[in-house]
Amino acid sequence: MRLSLSLLCLFAFAGLMFAQNPKPAVDRVAAQNALFEEQYESDLKNFPERATAFGDYRYNDKLTDYSLQAITQRNKTNQEFLVRLKAVDTTGFSDQDQLSHDLMMRVLQQRITDYSLKEYEMPINQQNGIHTSLADLPNSMPFTAVKQYEDYVSRLHQIPRLLSQTEDVLRAGMKDKLMPVRFLLEKIPVQCQGIIDANPFLLPTKKYPANIPPEEQKRLTQQITGAVNNEVIPAYKHFANFVKTEYAPQGRTTLAITSLPDGQKRYENDIYARTTTHLSADEIHQIGLREINRIEAEMTAIAKKEGFADLASFRASLKTNPKYIPTSSEQILDDFRKYISQMEPKLPQLFTLLPKSPVTVEAIPPFQAAAATHYVTGTPDGKRPGRVVVATSSFAERSLIDDEAVAYHEGVPGHHMQNSVNQQLTGLPKFRLHGLGFNAYGEGWALYAEQLGKEVGFYQDPVSDYGRLSSELFRAVRLVVDTGIHSKGWTREQVVEFMRKSGAIDEPTIQSETDRYIAWPAQALSYKLGQLKISELRQRAQKELGASFDIRTFHDEILDGGSLPLDMLEARTDKWIAQQKAK
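Below you will find a few notes about this structure. The structure displayed is predicted, hence computed values, not measured ones.

With that out of the way, let us pick up the overall build of the chain. Helix and strand counts for the chain stand at 24 helices and 3 strands. Compactness check: the chain gives a C-alpha radius of gyration of 26 Å against a globular reference of 25 Å for 583 residues, within 12% of the reference. For the chain, the spread of C-alpha atoms along the principal axes amounts to about 100 × 65 × 55 Å. Considering only intrachain contacts with a sequence separation of at least 6, the fraction spanning at least 24 residues in the chain is 79%. About 25500 Å² of surface is accessible on the chain, with carbon and sulfur atoms providing 55% of the total. Within the chain, one finds 68 positive and 72 negative side-chain charges whose respective centroids are separated by 2 Å.

This is how it looks when you write it as structure tokens:
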């Protein structure tokens, strides 16, 4: 009996020790990576257009299910993944594996929070939405084989379903009083008509690759034309009429997002989601005002160096100087191409990680004229290049002054650089090879990248350097006006006047940007806050490392972890600094 009792005690002790010593870290890392892969595949299946953008063409014949039922199911899936991820014991994990764990937690938690606030019930605005994303399908899909054209035809047949499902979602928003601003919604039917008139859906029929026989070209053209004329265009007309007659009239008349149900919580969530900081609206507003004062002092120094008494007189001279007024839309595009081309051979001075994918420059189509200049990521294999899509409408009212800065921002060493390097990283879970929605990182990097041109000898024209500062000033102004709209009750007129007074941007941009901030709360905060953090980390590294600081390895460190929230970027950079000091 005594022996049996001893054995029982031994077994109990062994069981306790086993509970205290779970599976080896290598097995738990493998289980976590399998979970990451499952989640990544789930996202690709749920969002086929995203798979296409990543260069994965398995779902090219499908479009996302935007039904309320599907949205609810996706939230349930996110919750299930979160529960499983929380159950992973990360004791003994490497820094990289722990970071992957924390990143996926952050992504899933943010999605679940957004769902709880029913953010999905406001899916369209004058900046973007289902109506504009579908119109970009011809530019975002491959067309090199018959099967790819047939996939496109399949997607065309599904467009009426997506627009109908979106109408159901919008009706749910009407019921819950979650409505965008009325005068902005009134722009959407006009945009839809612009899409109908331009009919970009027929673009794939305009040029076929030589490997597709003429009889196949004829068949595909007939199928595409039939689907567009009989299904897509009628669906767009129906959607535009719904927005015009039912949805837009119910739009809210107050500008602030805080006027909606759970308004304060909603804006705080927007700030956290888009800046990855817990800064308050008041703190951000004050940062903006301080940055405006600092940047304007630098601009004033340029003005005086150029022989002007003050900044105001220098600005006035630039507005009428024909050298900086575009004579055509093509001139603006040529400017962007020139600046991107001159920067590319300079990249090895700033990085050892270099982008392998090409980048092109094109104009924003007329039906999307309300959009700002932006970047569209290419595929990892480079077969579909990254695209810098430039605002050129009303060209005579625009200015060439900040083209150099914006070209670096959108192209290299900005968005194209960061996104292309991100896609070619090795040794990371697949979900970390693409943007994760951390705007402060991506936009912060792109704004930081604007100044790098100066470090490799560009901005030779003092006016172009003034344009660089104007671009930075523009982002500082955003901190003030976004919080002004959504936290301080500013009117549209107040925002326009504040932006005009800043002198940072031209009139067409003032108008479109003002409406952008109204429609897209807190997104515009990400640029300056992200740039300030990256600049702070650089200054810290230079101070700590002294003569051993290498700008190339610092930039590599910022980029080779992929898209990160600012707090995680800071922690990672601090560890890197400590490692460099220990060498």
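We describe a pair of aromatic rings using the distance from one ring centre to the other and the angle between the two ring planes. In this structure the tally under the stated criterion is 18 aromatic pairs. Consider the rings of Y149 and Y208, whose centres lie 4.8 Å apart with planes at 25 degrees: the pair is stacked. In this pair, Y149 is assigned in helix α8 (residues 146–175) and Y208 in the loop between α10 (187–198) and α11 (214–247), connecting sequence segments 59 residues apart. Taking the relative accessible area as the measure of exposure, Y149 reaches 1% and is therefore buried. With a centroid separation of 6.4 Å and an interplanar angle of 75 degrees, the aromatic rings of Y339 and Y408 are classed as edge-to-face. Here Y339 is found in helix α15 (residues 329–343), whereas its partner Y408 is found in helix α16 (residues 403–410), with 69 residues between them in sequence. A network of ring pairs unites the aromatic residues F143, Y149, Y152 and Y208 as a single cluster.

Moving on to the sheet that holds strand β3 (residues 386–390). Taking strand neighbours across the sheet as the criterion, the 3 strands line up as β1-β3-β2 in an open arrangement whose pairing is mixed. Edge positions in the open sheet fall to β1 (359–363) and β2 (374–376), since each of these has one partner strand only. This sheet shows a mean twist of 25 degrees between the axes of neighbouring strands, independent of strand direction. Two elements, β1 and β3, share 5 bridges in a ladder whose sense is parallel.

Under the defined criterion, the tally for this structure stands at 48 salt bridges. The partner of E513 in a salt bridge is R516, with the nearest N and O atoms 3.2 Å apart. A residue pair is termed a helical-turn pair when its members lie 3 or 4 positions apart in one helix, as E513 and R516 do in helix α21 (residues 507–519) at 3 residues. Each member of the pair, E513 as well as R516, carries the same accessibility label: buried. Taking the shortest distance from any N to any O, the salt bridge between D574 and R540 comes out at 2.7 Å. Residue D574 is located in helix α24 (residues 566–582), and its partner R540 is located in helix α22 (residues 526–545); the two are separated by 34 residues in the primary sequence. Relative accessible area serves as the criterion here: at 30%, D574 is assigned to the partly exposed category. Each member of the salt-bridge network shares a partner with another, and the members are E291, R294, E298, E472 and K528.

Let us now look at the nonpolar core. Counting residues in each nonpolar core, the largest one holds 68 residues, and the members touching the most others are F336, F351, V388, W445, F554 and L569. With residues near it in sequence (within four places) discarded, F351 still touches P413, M417, W445, L452, R552, H555, D556 and L559. Membership of the second largest hydrophobic core comes to 42 residues, among which are L185, F201, F239 and F242.

The rules behind the values
Residue numbers here run from 1 along each chain, matching the order of that chain's written sequence. Local features in this predicted model are restricted to residues whose pLDDT is 70 or higher, and side-chain atom pairs enter the listing and the counts only when it is 80 or higher, whereas totals over whole chains, interfaces and linings include all residues. Neither water nor hydrogens contribute to the side-chain values; these are computed over all heavy atoms in the structure. Here a helix means four or more residues in a row that DSSP labels H or I, a strand means two or more in a row labelled E, and each is numbered from the N terminus. Our radius of gyration looks at C-alpha atoms and nothing else; its globule reference is 2.2 Å times the residue count to the power 0.38. By definition in these notes, contact holds between two residues if any of their heavy atoms fall within 4.5 Å. Calculation of accessible area relied on Shrake-Rupley with a 1.4 Å probe; when residues are assessed, cover is drawn exclusively from the protein chains displayed. Only four residue types enter the charge count, namely Lys and Arg as positive and Asp and Glu as negative; His and the chain termini do not. In plain terms, the charge of a residue is placed at NZ if it is Lys, CZ if Arg, CG if Asp and CD if Glu. Aromatic rings from Phe, Tyr and Trp, taking only the six-membered ring of Trp, are treated as a pair when their centres fall within 6.5 Å; an angle between ring planes under 30 degrees marks them as stacked, one over 60 as edge-to-face, and anything in between as tilted. Burial classification: accessible surface area is computed with a 1.4 Å probe over protein chains only, and a residue below 20% of its type maximum counts as buried, one above 50% as exposed, and the rest as partly exposed. A pair of strands counts as paired when DSSP detects no fewer than two bridges linking them. Under this scheme, a helix contributes an axis fitted over its contacting stretch, all axes are lines through C-alpha atoms, and angles between N-to-C directions fall in the 0 to 180 degree range. When a carboxyl oxygen of Asp or Glu lies within 4 Å of a side-chain nitrogen of Lys or Arg, that pair is called a salt bridge. What we call a nonpolar core is a set of buried Ala, Val, Leu, Ile, Met, Phe, Trp, Tyr and Cys residues that are connected through their side-chain atoms within 4.5 Å.

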